[in-house]
Amino acid sequence: MTARKPSRKASRKTAELPVDVPVEIPAEAPAEAPVASAVDVAPTPAPAATTTKAAPAGRVRPRRADAGPPRPRQAGDGQGARPAPALEGADRGRLLAGDHHAPHDVLGAHPIPGGVLVRALRPFARSVTVLATGLRAELHDDGDGFFSGVLPVPEAPAYRLEVAYDDNVIEVEDAYRFWPAIGELDLHLIGEGRHEQLWRALGAEPMEHQGVAGTRFTLWAPNARGVRITGDFNYWDGTGFPMRSLGSTGVWELFLPGVGEGALYKYDICRPDGSHTVRADPMARRTEVPPATASIVTASHHAWQDADWMVHRGDRPVHEAPFSVYEVHLASWRPGLTYRQLAEQLPAYVKDLGFTHVELMPVSEHPFGGSWGYQVTGFYAPTSRMGTPDDFRFLVDALHRAGIGVIMDWVPAHFPRDDWALAEFDGRPLYEHSDPQRAAHPDWGTLEFDYGRTEVRNFLVANATYWCEEFHIDGLRVDAVASMLYLDYSREDGQWSPNEFGGRENLDAVAFLQEMNATVYRRNPGVVTIAEESTAWDGVTRPTDGGGLGFGLKWNMGWMHDSLQYIAKEPIHRKYHHDEMTFSMVYAYSENYVLPISHDEVVHGKQALVAKMPGDWWQQRANHRAYLGFMWAHPGKQLLFMGQEFAQGAEWSEGHGPDWWLLDPSYEASGDHRGVRDLVGDLNAVYGAVPALWQRDTVPEGFCWVDGGAAEDNVFAFLRYDADGSPLLAVSHFSPAVRSDYRLGVPETGTEGWVEVLNTDAARYGGGDVRNEEPLKAEAVPAHGRPCSISLTLPPLATVWFRPA
């Protein structure tokens, strides 16, 4: 927003507008102004007091003139101030142009020989009067919104300003009489790129400072020539609200008394070339509902009730614990519901299905709903589409109290180019890499972060722990890790440059991911980080001190791709693709894996899970159930996207979400869908009760093939073992025929026989109910390299689990 020199006529016209209606003032091309020297700094600040008391809600609102004159606050005979020395022309021009780096040197109160000089910049004001104990002094109008005078006092008093406009009078604190409200340690840590609670130092923080309630605004913009705050509290004209630069840190600061929670604001930044750009706060913790883009001053008042959950969530390492995840797009799970309304429905639904965790697709603020949240503009703000940050905390709290962990998708790989957000934030590449080839993401038209810049890395590392500390998030699923790790990701020859060793690895991104994981795990016991990494990068889940990236879990994209390719084949052809279901065990213990059937697999023409299956409707559902049974028994944790738990036939759409009507009893085929949902509930129930299915997911001792080569029969039989050696036998049969007297070798431990604990062909799931009713006695008949075996009946297109009786 460009500064202007308003005439009295313009001043009166503006003052006649209703005081509660923000006015957007069009920008003009600014005049050139001198660039501040690198050695010019604000006055040496006094040590900032510890200021953490939240200010009351509200903001400065001009008082109507017809409300009567302001109530006197002090004695005095109303003497005027003496004329002040003329403001030096460069300072005057720079303040009006919005490129002054040290406004506190010029504005506010300054002792001079013979008194105290007070200068204020109040565009459109008719008069400005200084109010203090025993003093009422009207300042002289110096034009262009400047008012000044010399008070006949020996030192600067604690004063307020009475500002009169043509139709109203307000009494306010002078923002330029306050010391910086950010401490030297904060500035040091920001400069080092090591401020692990960066959100407590940057952004808009309601507080009490020097005994006055207000909001501290701090912004990192090292390339800016000047920064002003613009908001609904100043009619979106930041001319009178320039911020000060705090030395070489690149941080700008201003404490605005009287501005509190709920205030809308942005930053008016003067770029290096003298032009202006108005930007949302990168550290905003709350935003307007898109498509509006302003940041909102906020503070949390949520009283957490999940202390027991937080204390015990890390009792077992996640790779040795049951971990079954229901993936949710909050905005479309039940379209139209708020966070608090979701808190009434989602925890009960997920608990009833037996999932241990929900994974929320990105909740960080994003302008385009069609991106599903993967193009983030507000990294520190939960999307306002469904409520406030405290409303989101309420939802997380409700899930925890229901015994459900909360994972959220986190997107540090890229950000969109919106001109009010991060792109060329202060006039030059700042958050993105300065090399255009490194900055441009070839797949999504977005920009990649500059992971080699300490402040940018700090912004992201602090953001990861922010969600865990401020919102009690239990896990971060990190999106698009592969695109971060490789310099040549989706780039042709000539479109990328090798690293310093001549390789294709992005060493800056590697260092960032290691720092992020180490910091999150150190600061947040019980939290897990999960990589969506689609290549064979070595050591994704290896600890950082062993040279790994330090993630707790990794999505097994290979298993997902291979198994879906197999299951989509007609049963008669599956024998030629048998190895696609067994190959995952070749590398199953190279990382700690999650088996994901995510949103990405049920959109954009890929079809819903049940629709991928061949055959008629009965066979499709049977294949669907058998596949889920195979997935839940396979080593690794499970993730299933919403709608797939009841065999929704249509692809997911963010516009209307799951087809819940399929479960309505009035729909004649609802039983088919409810049967699949019942199966998912039983899979999770048995899974949670049988440690063999999760306790040794990441070590070879927890798995053994019984028969992995029965390609002609389309059968996969294997054993899972818990830490005590107790087994579970899983048999998946992907042929539509019933196979009687099918013999499988079993351990000698099942002397009392083997009993079914789950059969996906059960009638209650919509199957044909081909069962093994009685315990299957182990016989001294060698099979599959074992001295004992059982003879069983295999239902068509089904998975059956057995345990020793």
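To keep things clear, this report deals only with the structure shown in the data block. (Residues numbered from 1 in each chain as written. Predicted model: local features only at pLDDT ≥ 70, side-chain atom pairs only at ≥ 80, totals over all residues. Heavy atoms only, no water.)

Next up on the list: the pattern of salt bridges. Once their charged atoms are close, side chains differing in charge can pair, the charge on each being opposite to the other. Applying the stated criterion across every chain, the model contains 41 salt bridges. One salt bridge connects E162 with R136, and the closest N-O pair in it is separated by 2.8 Å. With E162 in strand β8 (residues 160-164) and R136 in strand β5 (residues 135-138), this residue pair connects regions lying 26 residues apart in the sequence. With relative accessibility at 8%, the residue E162 sits in the buried group. Judged by its relative accessible area of 33%, R136 falls in the partly exposed class. (Salt bridge = Lys/Arg side-chain N within 4 Å of Asp/Glu carboxyl O. Helix = DSSP H or I, 4+ residues; strand = E, 2+ residues; numbered from the N terminus. Buried < 20%, exposed > 50% of the residue type's maximum accessible area, 1.4 Å probe, protein only.)

Summarising the element assignment, E532 is placed in the loop between β24 (528-531) and β25 (553-555). Distance from E532 to R477, taken between C-alpha atoms, is 7.0 Å for residues 55 residues apart in sequence. A polar atom in the side chain of E532 sits 2.8 Å from the backbone nitrogen of A480. (Polar contact = N/O pair within 3.5 Å; in protein donor to acceptor, adjacent residues only side chain to side chain.)

Turning to the environment of S434, a few remarks are in order. Here S434 is to be found in the loop between β22 (405-410) and α8 (436-439). Between the C-alpha atom of S434 and that of F449, which follows or precedes it by 15 residues, the distance is 9.8 Å.

By the secondary structure assignment, S666 is in the loop between β27 (637-641) and α16 (670-689). Within polar-contact distance, the side chain of S666 engages the side chain of D664 at 2.8 Å.

Their axes nearest at 8 Å, the elements helix α6 (residues 339-353) and helix α7 (residues 389-401) cross at an angle of 10 degrees. Between α6 and α7, the angle is such that the two are roughly parallel. Across from Y339, R340, L342, A343, L346 and P347 in α6, the residues of α7 making contact are D390, D391, F392, F394, L395, A398 and L399. A class-by-class count of the residues in the contact of α6 with α7 yields 10 nonpolar, no polar and three charged. (Axes fitted to C-alpha atoms, helices over the stretch in contact; angles between N-to-C directions. Parallel < 35°, antiparallel > 145°, perpendicular 65-115°, else oblique. Contact = heavy atoms within 4.5 Å. Nonpolar A, V, L, I, M, F, W, Y, C, P; charged D, E, K, R; others polar.)

A word on the pairing of strand β29 (residues 715-721). The buried count for β29 comes to seven of seven residues, which makes it a mostly enclosed element. Side-chain alternation along β29 places V715, A717, L719 and Y721 on one buried face and F716, F718 and R720 on a second face that is also buried. Judged from the five bridges that link them, strand β28 (residues 703-710) and β29 form a sheet pairing that is antiparallel. Bridged to F703 within β29 is R720. Linking two consecutive strands that pair antiparallel, namely β28 and β29, is a turn of four residues; a positive phi of about 55 degrees is found at N714 within it. Both β29 and strand β30 (residues 727-733) contribute to a ladder of seven bridges, which runs antiparallel. By the bridge assignment for β30, A717 is matched with V731. Hairpin connection of β29 to β30: five residues between the antiparallel strands, including G725 at a positive phi of 90 degrees. (Pairing = 2+ DSSP bridges.)

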